[in-house]
Amino acid sequence: MESRYKSFVAIENLADHIGQTVTLSGWVYDKTEKGKLVFIKLRDGSGIVQCVLFKPNVSEEIAGNAQQLTQESSVSITGTVRAEQRAPSGVELDVTDVRIWQLSKDYPITPKEHGVEFLMEHRHLWLRSARQHAIMRVRARVIKAIRDFFDGNGFRLMDSPIFTPNACEGTSTLFETEYFDLGKAYLTQSGQLYAEASAMALGKVYTFGPTFRAEKSKTRRHLTEFWMVEPEMAYFDLNDDMDLAEDLVEYIVQSCVKDCQRELATLGRDVSKLEAVRRPFYRMSYSEAVDWLNKNNVKLNRKQPDGSEIQIDFPWGEDFGAPQEEAIMQQFDRPCIIHRYPSEVKAFYMKRDPDNEKVVLAMDMLAPEGAGEIIGGSQREDNHDLLLERLRHENLPEDAFQWYLDLRKFGSVPHAGFGLGVERTVKWITGAEHIREVIPFPRMIYRIVP
RNA sequence: UCCGCAGUAGCUCAGCUGGUUAGAGCAUCUGACUGUUAAUCAGAGGGUCCGGGGUUCAAGUCCCUGCUGCGGAGCCA
């Protein structure tokens, strides 16, 4: 059989083929008839184009094929490409032939409104809708930008394992599984510890893959399975780390602005807000942020032992919740990095600030427009004895961390890194309402199907 | 896990202080139309009112319970 590989014309490139006869293969997105005209909206995965068939111009058989078509029928349509001002994409196809591969029956997702539950049950089909299609293309562009950025800046990809014997931070809940005769294994919640070992071997590395959190979170910014990219750099301090994070995020956003104009338009995204995402971003220390909250009268809701709630000034030492982060970000049109958090609320591996023992050299990047935290990172503790002390303080199993402690015995150096949540970044850039829309098949506390 | 809300046609929903044969729009099917793009017009079919129990002369409607889902909080990327 002759390969069709070379002869495919993608709908997104049709404007380059005006006046030519082409064959498009795809699926029927919508069809309407008006007298002797049949309008077929065809999608092929790259875009949508309206194909117009005038019955007197074709045989009865071809006209019959066109009239039979139902939503999501698979079809190859041949015709002449014509510039058309009325069309959203600027082109239409004048149909001369229609070949049916399969007629679809009772496709459940109509062009009308649907509820969330129904759409999630049909996620495997929902992905075909224009909006979901646009989001997935932006997602692919974000991932490409991440890889391009690191590959082009001297980083090496070093994959971390997904099965791990121990917790990274010891706090979050882990998914547990049997591992042959070796007892329990866990699905990784971060590749960072392994990335640190990799950085000592290759200097600048990044690890990129899925991560798993068994937290029973039920919000519009949590998944139980999500993708994270984690760079780790030898001889980087916190400032180097923050500079890198800003460069990366600026590069990702501007890549999408440049290459995803059609997708962002489909999504109704205000692109000017993305264009504004240029360095330098804002920065403030945790202590400055607490001062700002109290100066601006942003109170903390605190539950009393009797169940009632009172509002108090934000106490230094408490971790920020979503309401505090949102209040802080309302003043900014670009991301903001908050750094030097109280050591008590942060993970054991973060390095204490030599200028203030109460805080660690940690940083979070918050995105504007309500998108919230997209990055968490830190300079790591590189002193063996201090790290061991922190491990014991957190009651973590020393044995399991022997290899990690080794990194501080054999040529320990200052180093830093961070994790960027791919889905949160895509949610911000696309303006999606819920994180479940920005990953093809979301895994959430109450959903594992399809 | 905690706090709130919801479940009626394939889909999105309405259904009043309980009252006789269960409502609309869209989708589907039939017909009309040479510019529709949320097409329009005429007609047709389509219901275990989430499950179980209770109150009542009478329950889609009120009460109890279970299930499913949604929104928010905490945790975090």
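This structure is a prediction, so every number in the text was calculated from the model and none was measured.

Another aspect to go through is the side chain of serine 104. Mapped onto the elements, serine 104 comes out in the loop between strand S5 (91–102) and helix H2 (116–121). Among all residues touching serine 104, those that are not within four sequence positions of it are Thr70, Gln71, Glu72 and Ser73.

Right, let's get into the protein's contact with RNA strand B. The local shell around RNA strand B holds 47 residues, among which Gln50, Phe54, Arg213, Arg220 and Arg424 are the closest. Backbone atoms, meaning sugar plus phosphate, form 48% of the atoms of RNA strand B positioned within 4 Å of the protein. In this structure, glutamate 33 approaches RNA strand B through a main-chain N or O atom, which is 3.4 Å from a base nitrogen. One nitrogen or oxygen atom from the side chain of arginine 436 is found 2.9 Å from a phosphate oxygen belonging to RNA strand B. Elements with a minimum of two residues in the surface near RNA strand B: strand S1 (21–34), strand S2 (37–43), strand S3 (48–54), H2, strand S11 (225–234), helix H10 (322–329) and strand S19 (372–379). Split by residue class, the surface near RNA strand B holds 12 nonpolar, 13 polar and 22 charged.

One pass over the structure, following the stated rule, counts 19 aromatic pairs. A centroid spacing of 5.3 Å and a plane angle of 80 degrees characterise the contact between phenylalanine 149 and phenylalanine 150, whose relative ring orientation is edge-to-face. The class of phenylalanine 150 is buried, set by a relative accessible area of 0%. Each ring, one from phenylalanine 150 and one from tyrosine 206, has its centre 4.9 Å from the other, and the planes form 25 degrees; the classification is stacked. One end of the pair, phenylalanine 150, is in helix H4 (residues 130–151); the other, tyrosine 206, is in strand S10 (residues 204–212), with 56 residues separating them in the sequence.

Another point: the pairing of S2. On any regular strand, side chains alternate: one points to one face of the sheet, the next to the other face. Across the seven residues that make up S2, a large majority, five, are buried. By the bridge criterion, seven bridges tie S1 to S2 in an arrangement that is antiparallel. Bridge pairing in S2 places valine 28 opposite leucine 42. Following S1, the chain reverses through two residues before pairing antiparallel with S2; glycine 35 in that reversal takes a positive phi of roughly 60 degrees. Of the strand pairs in this sheet, S2 and S3 are connected by seven bridges, and their pairing is antiparallel. By the bridge assignment, phenylalanine 39 is partnered in S3 with valine 52.

What follows concerns the domain arrangement of chain A. Splitting chain A by domain gives domain 1 (5–102) and domain 2 (123–437). For domain 1 and domain 2, the distance between their C-alpha centroids amounts to 45 Å. At the boundary of domain 1 with domain 2, total buried surface from both sides reaches about 570 Å², with 37% on carbon and sulfur atoms. Together, Glu12, Tyr29 and Arg43 form the three largest contributors to the area buried by domain 1 at its contact with domain 2, with a combined 55%. Remark: the boundary between domain 1 and domain 2 carries two salt bridges. For the salt bridge of glutamate 12 with arginine 137, the shortest nitrogen-to-oxygen distance reads 2.6 Å. Between the two partners, domain 1 and domain 2, sit four residue pairs in polar contact (both at pLDDT 80 or more).

Read around the closed barrel, five strands run S1-S2-S3-S5-S4, paired in mixed fashion. For this sheet the average axis-to-axis angle between neighbouring strands, irrespective of direction, equals 55 degrees. Of the pairings in the sheet, the one linking strand S4 (residues 74–83) to S5 comprises 10 bridges and is antiparallel in character. Looking across to S5, one finds that serine 76 is bridged to arginine 99. Packed on one face of the sheet, helix H1 (residues 60–68) meets S1, S2, S3 and S5 and runs near 85 degrees to S5.

Calculation rules
Residues numbered from 1 in each chain as written. Chains lettered and ligands numbered in written order. Predicted model: local features only at pLDDT ≥ 70, side-chain atom pairs only at ≥ 80, totals over all residues. Heavy atoms only, no water. Helix = DSSP H or I, 4+ residues; strand = E, 2+ residues; numbered from the N terminus. Contact = heavy atoms within 4.5 Å. Near = heavy atom within 4 Å. Polar contact = N/O pair within 3.5 Å; in protein donor to acceptor, adjacent residues only side chain to side chain. Nonpolar A, V, L, I, M, F, W, Y, C, P; charged D, E, K, R; others polar. Phe/Tyr/Trp six-rings, centres within 6.5 Å; stacked < 30°, edge-to-face > 60°. Buried < 20%, exposed > 50% of the residue type's maximum accessible area, 1.4 Å probe, protein only. Pairing = 2+ DSSP bridges. Domains from an automatic or database assignment. Buried area = accessible area lost by both parts, 1.4 Å probe. Salt bridge = Lys/Arg side-chain N within 4 Å of Asp/Glu carboxyl O. Axes fitted to C-alpha atoms, helices over the stretch in contact; angles between N-to-C directions.

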